[in-house]
Amino acid sequence: MSYESLEDKDLELKNRMMNLLWNLGWFARPNVKLQRYQEGKRTTGLHTDIDVLAVRLLPLQNPITAVCSAKSGKESDSEQIFWLAGVRSYFGANSAYYVRTHASLRDAKTLCQKLDIISLNDEQLQIMEQRLSLNPSSYPFDLEFYGRVHGFMEELKKAKVGLYNYISEKYWIDPFNNQLLRIVTAIHDVSQLTLTHECSIFVKYYLSTLLALPLQRMGHLLLTTPQNLLKTELETALMGGELARLDKERTFQIVEKALADSKKTIDLNAQLRKLADELYDVVLSMIDHYEQSVYIPRFLDALTHQLAKGLEATPRVEKVALPDLSQNDWKYAAKLARDVLLFMERIGGMAKSEIAA
Amino acid sequence: MNLDAAWVSLRSVEIQRCFSNSGSSELAYINLPQVMRIGHIARLANMLRRRGIVNGTSLGALGALLGMQPDTIEKHLKIMKALTWVLSTNNKQDPAEVEDHVPRTSEVLSRLGQLFSTGSEEFGISPLSKLEVSSVSALHMCARRPCSSEAMQSELDATPQTFQKVVGLGNAGKYLEAIELSDKKKTLWSPIYYFNRHDTLRKFFQRQTYAELAPIGEAIEVCAEKVGTPLQALPVQQKNAAIAGMKVGAIVPITLWMPSGDGKVDYTFLFPPLSKFEDSDPSGQIYEQPKVFLASLRLGEYYAPTSKIKDPLDVVRRLLKDGKLGRPHSDAFDQYKVPASRGLFKLKEEEGTSYWGNPYRGWMPYLIRSEENIKALQIVESLITPSSERISTTLSHDVESADNVFKQALTCQESLEFRGSPFVKDFIVDPELEREAQMMALTIVGGTYE
């Protein structure tokens, strides 16, 4: 994800696609780059980037993903369609949208059908918006929003480029346990960065949305685990499985011994358990209200939008409108969203005054 | 006496509970107002935990259950809101409605303990008075063993008047009781920690001298710290004291045996009279499932002829998760035969493969997954780490009462499992070092994004 270029001529179209998906219950991000990594290190090379990536959480299912190539040009190119099929496969996405506003798409239709890609031009997009009765007034993504997020992201990039690169690139291809741990590290780090207050609170809320995705997956994974085994299973999942856990615990022992030799007594397991305890609380809450946990990323995203649009100094829960939620679902989604924010506060990454009222 | 913050809260909970059951609660509200406040807030928080969204009516009902006036509950909720343990939902139809964000019980207790020990202007909390600190500390001392009045007075660093008041309040709340030992020494003890046996125990204590009492107290403490301690593993003096404790019922023994070269050897395992055990009721079973299972675990931990159990908790968790252990073992029959005879396990002889790839025959316990058996294993799981104290029963009873209000049953695991043992200390105190350690742990498990 990035909000880099304000001169991008396809911005409006990308926003339109994101609005469409958002209103249908998707969590959407623009310009996700697939950077090249060599021996685990980021290189300057770029495999490709995808115009819109969207994730939808549904109860009792793994997240479903959609990728979208959105260009406002006239051409429809077979190579581009094959490329999109490859990108979809790379992300393990369930659906792909090929959007060319001014193209007839007649030639591309057969190929798209064969590759199970949905092709849309402007007319079709309009028909789709009308048939789904979407209300443009509730569209959160527009150029002004994009511009403000661009500003905040540039500030973050200057302060900590590694963090910026992670959330804009690697996060999207990381396994969920790594996403969780790395966003927790990021939350710790942001509280130490020198950012303007506006940017700092925006980044924290932005991270909360990225935290909510793997948290919900953790809740989904542990849904059927008996209560008394939850904590152990959570720790194991966090470390990437039983074998990985064993390895990591051995590493703990070696490091602890080395530290003890240099007269520093540290119980690394206990330190991890402290974090796991806090995580356990928020995951438990998600399991208790599992049905509504799927709405948390979007709820937090809506709070982040309030900040980006400069509407509030601290976002307000009651101003969040998610069109597809019943009153009861909304109420519990609000509670769960605040659980995530309180988790961040309890691990020292957020001030009490910054939590949405 | 410097009491850990979590213990301050736990003892306050118990004092508040004792007064709420007695007719002299006014005395406590006048003399121990902050202690009562801690008790109320901790218990209310424990009842609210994991309840999602709680409406005003249910809140009122919980407050009433804890003996709070409507204005008191409002004041307590204000503190809880400031601590972000609950947040208002801003529901216009029900302005009292709140979201629950209550953290774990151990967190609640230590936060409250810290706040009330030092006081806080931000939350409008004044620190505990000298009388309150002394009352809480006195209960803490007596929870472990009977203590002579002089020793307590000096430990509490209290004036004779304050000490008298501490004793008077303890008497009124029935959490402290003065007894005179056979050497005429005045001693205080806390009958609430000797579940259902306080009359017998009081009489027993009164027949001892203070010098004789100390090792008995220590033996009871050892049994409470490590439930199922083997008698044979105690040092001689404590062993004799434990036998004395067993005779009077302060310690309940279970004897199991293991075959040896020339017949069999008996091993006795010691259990304090915790309310979790059936035999805390005089008509209850002695050879009840949790106790028998824990004794068999200790048997394997201390006396297995080959490969002793290294981590009993791991064994319990594996049984709960998989319903069986990792590999069949030749000692498993002798170790688990008594729990099997109580209907906990089915023992099967099976073929296994050793680390070197050789086949061998051994026994495998299979958990019979009945509700009763799973509960027994869960009790053992909660007991297996030191310091599961009777005080936690108050909190788990509160969860049950709250279940009735919400008509939604929760197993509030952590309220059964408070581990505030003074023996379990955090290694790190320097906050900078702690942060570094946290980041190091995060890095090792995969939290580096750069």
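Engineer: Would you explain the interface of chain B and chain A in this entry?
Structural biologist: When the parts of a complex come together, some accessible area is lost, and that lost area is often used as the size of the interface. Taken together, the contacts link 49 residues of chain B with 53 residues of chain A. Of the roughly 4500 Å² buried between chain B and chain A on both sides combined, carbon and sulfur atoms contribute 55%. Summed over the three residues of chain B that lose the most area to chain A, namely Arg104, Val445 and Tyr449 of chain B, the buried surface amounts to 18% of that side. The interface formed by chain B and chain A holds eight salt bridges in total. The salt bridge involving Lys321 of chain B is made with Glu233 of chain A; its shortest N-O contact spans 3.4 Å. Linking chain B with chain A are 19 residue pairs in polar contact (both at pLDDT 80 or more). Examining the composition of the side of chain B that touches chain A, we find that 12 residues originate from one element, helix α18 (residues 431-445) of chain B, more than from any other. A per-class count over the side of chain B that touches chain A returns 20 nonpolar, 14 polar and 15 charged.

Engineer: Looking at this structure, I do not really get the pattern of salt bridges. What am I missing?
Structural biologist: Enumeration over the complete set of coordinates arrives at 37 salt bridges over all chains. In this structure, Asp51 of chain A engages Lys14 of chain A in a salt bridge whose closest nitrogen and oxygen atoms are separated by 3.8 Å. A residue pair is termed long-range when its members are at least 10 positions apart, and Asp51 of chain A in strand β2 (residues 41-56) and Lys14 of chain A in helix α1 (residues 11-23) qualify at 37 residues. The pair Asp51 of chain A / Lys14 of chain A is uniform in exposure class, with both members buried. The salt bridge involving Glu14 of chain B is made with Arg17 of chain B; its shortest N-O contact spans 3.3 Å. Note that Glu14 of chain B and Arg17 of chain B are positioned in helix α1 (residues 5-20) at a spacing of three residues, about one turn of the helix.

Engineer: In this structure, what is going on with the sheet that holds strand β6 (residues 186-189) of chain B? I would like to understand it.
Structural biologist: Think of a sheet as strands paired side by side through backbone hydrogen bonds, with each pair either parallel or antiparallel. Residue and element names in this part refer to chain B. If you walk across this open sheet you meet the three strands as β4-β6-β5, and the pairing is antiparallel. For this open sheet the edge positions go to β4 (147-148) and β5 (177-180), each flanked by a neighbour on one side alone. In this sheet, β6 lies alongside β4 in antiparallel orientation, the contact comprising two bridges. Looking across to β6, one finds that Cys147 is bridged to Leu188.

Engineer: Even after reading the chapter, I still don't get the packing of helix α7 (residues 130-144) of chain B against helix α9 (residues 160-173) of chain B, so can you show me in this structure?
Structural biologist: Packed helix pairs are characterised by how far apart their axes lie and by the angle those axes make with each other. All names here are of chain B. Two numbers describe how α7 lies on α9: the axes approach to 9 Å, and their chain directions differ by 55 degrees. For the element pair α7 / α9, the angle class is oblique. The two elements α7 and α9 meet at a crossing, and its hand is right-handed. Of α9, the residues touching α7 (which contributes Leu131, Ser134, Ser135 and Ala138) are Thr162, Lys165, Val166 and Leu169. Class assignment for the residues of the contact of α7 with α9 results in four nonpolar, three polar and one charged.

Engineer: Even after reading the chapter, I still don't get the packing of α7 of chain B against helix α8 (residues 149-156) of chain B, so can you show me in this structure?
Structural biologist: All names here are of chain B. Remark: α7 packs on α8, axes separated minimally by 10 Å, with the N-to-C direction vectors making an angle of 135 degrees. Considered as vectors, α7 and α8 are oriented oblique to each other. Relative to α8, the crossing made by α7 is right-handed. Facing α7, whose interface residues are Lys130, Ser134, Ser137, Ala138, Met141 and Cys142, α8 presents Met152, Glu155 and Leu156. Classifying every residue of the contact of α7 with α8 gives five nonpolar, two polar and two charged.

Engineer: Sorry if this is basic, but what is going on with the pairing of strand β3 (residues 64-71) of chain A here?
Structural biologist: Looking along a regular strand, one sees the side chains alternate between the two faces of the sheet. Residue and element names in this part refer to chain A. Here β3 lies mainly inside the structure; seven of its eight residues are buried. Alignment of β2 against β3, held across five bridges, turns out to be antiparallel. The partner of Val55 across the bridge, within β3, is Thr65. As paired strands, β3 and strand β4 (residues 95-100) are joined by six bridges and run parallel to one another. Opposite Lys71, over in β4, you have Arg100 as the bridge partner.

Engineer: What is the right way to read unusual backbone geometry from this model?
Structural biologist: Across the chain, the bulk of peptide bonds are trans and the bulk of non-glycine residues have phi less than zero. Phi is positive for Asp116 of chain A, close to 60 degrees, though the residue is something other than glycine. Residue position: Asp116 of chain A is located in the loop between α3 (106-114) and β5 (118-120). Residue classification places Asp116 of chain A among the exposed positions, given a relative accessible area of 54%. Non-glycine residue Thr84 of chain B carries a positive phi angle of around 55 degrees. In this structure, Thr84 of chain B sits in the loop between α5 (70-82) and β2 (86-88).

Engineer: How do you make sense of the packing of aromatic side chains when you look at a structure like this?
Structural biologist: To describe a pair of aromatic rings, you give the distance between the ring centres and the angle between the ring planes. Scanning the entire structure with this criterion turns up 17 aromatic pairs over all chains. On the numbers, 4.8 Å between centres and 50 degrees between planes, the contact of Phe333 of chain B with Trp363 of chain B is tilted. Here Phe333 of chain B is found in helix α15 (residues 332-341), whereas its partner Trp363 of chain B is found in strand β11 (residues 359-367), with 30 residues between them in sequence. For Phe333 of chain B, a relative accessible area of 34% gives the class partly exposed. The ring of Trp22 of chain A carries Arg298 of chain A above its face, with NZ or CZ at 4.8 Å from the centroid. Lying across the ring of Phe271 of chain B, Lys291 of chain B places its NZ or CZ 5.9 Å from the centre.

Engineer: Where do I start with the sheet that holds β2 of chain B in this structure?
Structural biologist: Residue and element names in this part refer to chain B. The strand order β1-β3-β2 describes an open sheet built from three strands, whose pairing is antiparallel. Of all the strands in the sheet, the pair left with one neighbour each is β1 (53-54) and β2. Strand direction decides the pairing type here: β1 and strand β3 (residues 98-100), joined by two bridges, are antiparallel. When the bridges of β3 are listed, Ile53 appears paired with Glu99. This element, α5, spans β2 and β3 of the sheet and lies at about 100 degrees to β2.

Engineer: What exactly am I supposed to notice about the pairing of β4 of chain A here?
Structural biologist: All names here are of chain A. In terms of residue burial, β4 counts as a mostly covered element, since six of its six residues are buried. Side chains of β4 alternate between two faces, with Ser95, Tyr97 and Val99 and Ala96, Tyr98 and Arg100 buried alike. In the sheet, β4 pairs with β5 via three bridges, with the strands oriented parallel. Bridging from a neighbouring strand, Tyr97 pairs with Ile118 of β5.

Definitions and cut-offs
Residues numbered from 1 in each chain as written. Chains lettered and ligands numbered in written order. Predicted model: local features only at pLDDT ≥ 70, side-chain atom pairs only at ≥ 80, totals over all residues. Heavy atoms only, no water. Contact = heavy atoms within 4.5 Å. Buried area = accessible area lost by both parts, 1.4 Å probe. Salt bridge = Lys/Arg side-chain N within 4 Å of Asp/Glu carboxyl O. Polar contact = N/O pair within 3.5 Å; in protein donor to acceptor, adjacent residues only side chain to side chain. Helix = DSSP H or I, 4+ residues; strand = E, 2+ residues; numbered from the N terminus. Nonpolar A, V, L, I, M, F, W, Y, C, P; charged D, E, K, R; others polar. Buried < 20%, exposed > 50% of the residue type's maximum accessible area, 1.4 Å probe, protein only. Pairing = 2+ DSSP bridges. Axes fitted to C-alpha atoms, helices over the stretch in contact; angles between N-to-C directions. Parallel < 35°, antiparallel > 145°, perpendicular 65-115°, else oblique. Left-handed = near helix turned anticlockwise from the far one by under 90°. Phe/Tyr/Trp six-rings, centres within 6.5 Å; stacked < 30°, edge-to-face > 60°. Lys NZ or Arg CZ within 6 Å of the ring centre and 35° of its normal.

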